[in-house]
Amino acid sequence: MNIAVLASGGGTNLQALIDNEKSLGPSFCPYYISCVFCDKKSSYALQRAEKAQISSEVVSPYAIMGSEIAKNASQSEKRLAVSNRCLELCTSYNIDAVVLAGFLTVLAGPFLDKYSGRIINIHPALLPKFGGEGMWGNNVHRAVLAAQEKESGCTIHLVDHGCDTGRILLQKKVPVLADDTVESLYARIAIEEHKAIVEGVTLLANELYY
Ligand code: GRF
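For clarity, every value in this text was computed on a predicted model and none was experimentally measured.

Draft legend 1. Spatial organisation of the site of the ligand. Close contacts around the ligand come from G9, G10, G11, T12, N13, G102, I122, H123, P124 and E193, and that covers them all. Between the ligand and N13 there is a distance of 2.8 Å, counted from an oxygen atom to a backbone nitrogen or oxygen. Take P124: an N or O atom from its main chain is 3.5 Å from an oxygen atom of the ligand. The protein chains hide 85% of the 370 Å² of surface that the ligand would expose on its own. Elements represented by at least two residues in the shell around the ligand include exactly α1 (12-24) and β5 (119-123). Looking at side-chain class alone, the shell around the ligand contains 2 nonpolar, 7 polar and 1 charged residues.

Draft legend 2. Spotlight on the pairing of strand β4 (residues 97-100). The alternating pattern of β4 places A97 and V99 on one face and V98 and L100 on the opposite face, and all of these are buried. Inspection of the sheet shows strand β1 (residues 2-7) paired to β4 by 4 bridges, in the parallel sense. Its bridge partner being in β4, A4 is matched across the sheet by V98.

Draft legend 3. Region of the structure containing the packing of helix α7 (residues 138-146) against helix α8 (residues 182-209). For the pair α7 and α8, interaxial distance at closest approach is 9 Å and the crossing angle is 110 degrees. With respect to α8, the element α7 is oriented roughly perpendicular. Along this stretch, α7 crosses α8, giving a crossing that reads as right-handed. In this structure, α7 contributes N138, H141, R142, V144 and L145 to the contact, and α8 contributes V182, L185, Y186 and I189.

Draft legend 4. Expanded view of the pattern of salt bridges. In this structure the tally under the stated criterion is 9 salt bridges. Ionic pairing is found between R85 and E88, a salt bridge with its closest N-O pair at 2.5 Å. Taken together, the residues span about one helical turn, with R85 and E88 both in helix α5 (residues 75-92) at a distance of 3 residues. In this structure, K195 and E192 form a salt bridge, with 3.1 Å as the shortest nitrogen-oxygen distance. Here K195 pairs with E192, and both are found in helix α8, just 3 residues apart, close to one helical turn.

Cut-off values and rules
- The residue count restarts for each chain, going from 1 along the sequence in the order it is written.
- Two thresholds apply to this predicted model, a pLDDT of at least 70 for residue-level local features and 80 or more for giving and counting side-chain atom pairs, whereas whole-chain, interface and lining totals are computed over all residues.
- Excluded from the side-chain calculation are hydrogens and water; included are all heavy atoms of the structure.
- What makes a residue near a molecule or strand is one non-hydrogen atom of that residue sitting within 4 Å of it.
- Definition of a polar contact: a pair of N or O atoms within 3.5 Å, with one able to donate and the other able to accept a hydrogen when the atoms are protein atoms, and with sequence-neighbouring residues admitted only if both atoms are side-chain atoms.
- Here, Shrake-Rupley sampling with a 1.4 Å probe gives the accessible areas, and only protein chains in the shown set may cover a residue.
- Elements are defined by DSSP. Helices are runs of H or I of four residues or more, strands are runs of E of two residues or more, and each kind is numbered from the N terminus.
- Polar here means any residue outside two lists: the nonpolar Ala, Val, Leu, Ile, Met, Phe, Trp, Tyr, Cys and Pro, and the charged Asp, Glu, Lys and Arg; Gly therefore counts as polar.
- Three exposure classes are used, based on accessible area relative to the maximum for each residue type with a 1.4 Å probe and protein chains only: buried under 20%, partly exposed in between, and exposed over 50%.
- When DSSP locates at least two bridges between a pair of strands, those strands are taken to pair.
- An axis is simply a line fitted to the C-alpha atoms; with a helix, the fit covers only the stretch in contact. Between two such axes, the angle follows the N-to-C directions and lies from 0 to 180 degrees.
- Put simply, angles under 35 degrees are roughly parallel, angles over 145 are roughly antiparallel, angles from 65 to 115 are roughly perpendicular, and the rest are oblique.
- In this scheme the handedness of a crossing depends on how the near helix is turned from the far one: anticlockwise by less than a right angle means left-handed, clockwise means right-handed.
- The criterion used for residue contact is that any of the two residues' heavy atoms lie within 4.5 Å.
- By definition here, a salt bridge exists when the distance from a side-chain nitrogen of Lys or Arg to a carboxyl oxygen of Asp or Glu is within 4 Å.

Following this line, the structure appears as structure tokens:
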């Protein structure tokens, strides 16, 4: 299964996928990372891709629309422009499935239909709780702590036209401790995320091909 990994930030989940692919080797790994797309040119995921000799593309609204147009575009115009560019690239790279590994642009438009059932996302909480617009990164962990939850974790789910609403493929749970900070909770969840992302892509490959 040829995959594109889409990331915006540090790319530790991308790294988990790279490391697993390397350690299993091409005969045993159920996926092949064909390319990495980033909607921020400063994303460290781009450097991780380069180090692993994986092609990468910057899909920021600025790169796609030009800075003058992007500056005046609405959020939904930018989301559509990024999504349409991703679709174009996925077609040209012959991509079978797409992995959102901390990708901050909410995808929209024909890309979602063309790759329906073939796009997965990792979310740093136990959906359906703590999902939706604005629930990303530390906002999620802050909300979990404010709600005095006893557990949190991460979710791998299919992506549909909603935000964090697609069918859940798997979840991993961690306890929330009394003295947790956003940072300590994130660190505990990140360990589980790096296993979940590999399991999630493997599950998807099994669903689609075996
Ligand atoms: C992860 O916590 C993921 O759940 C969320 O964004 C973060 C990405 O981290 N969607 P990284 O860039 O993979 O380190």
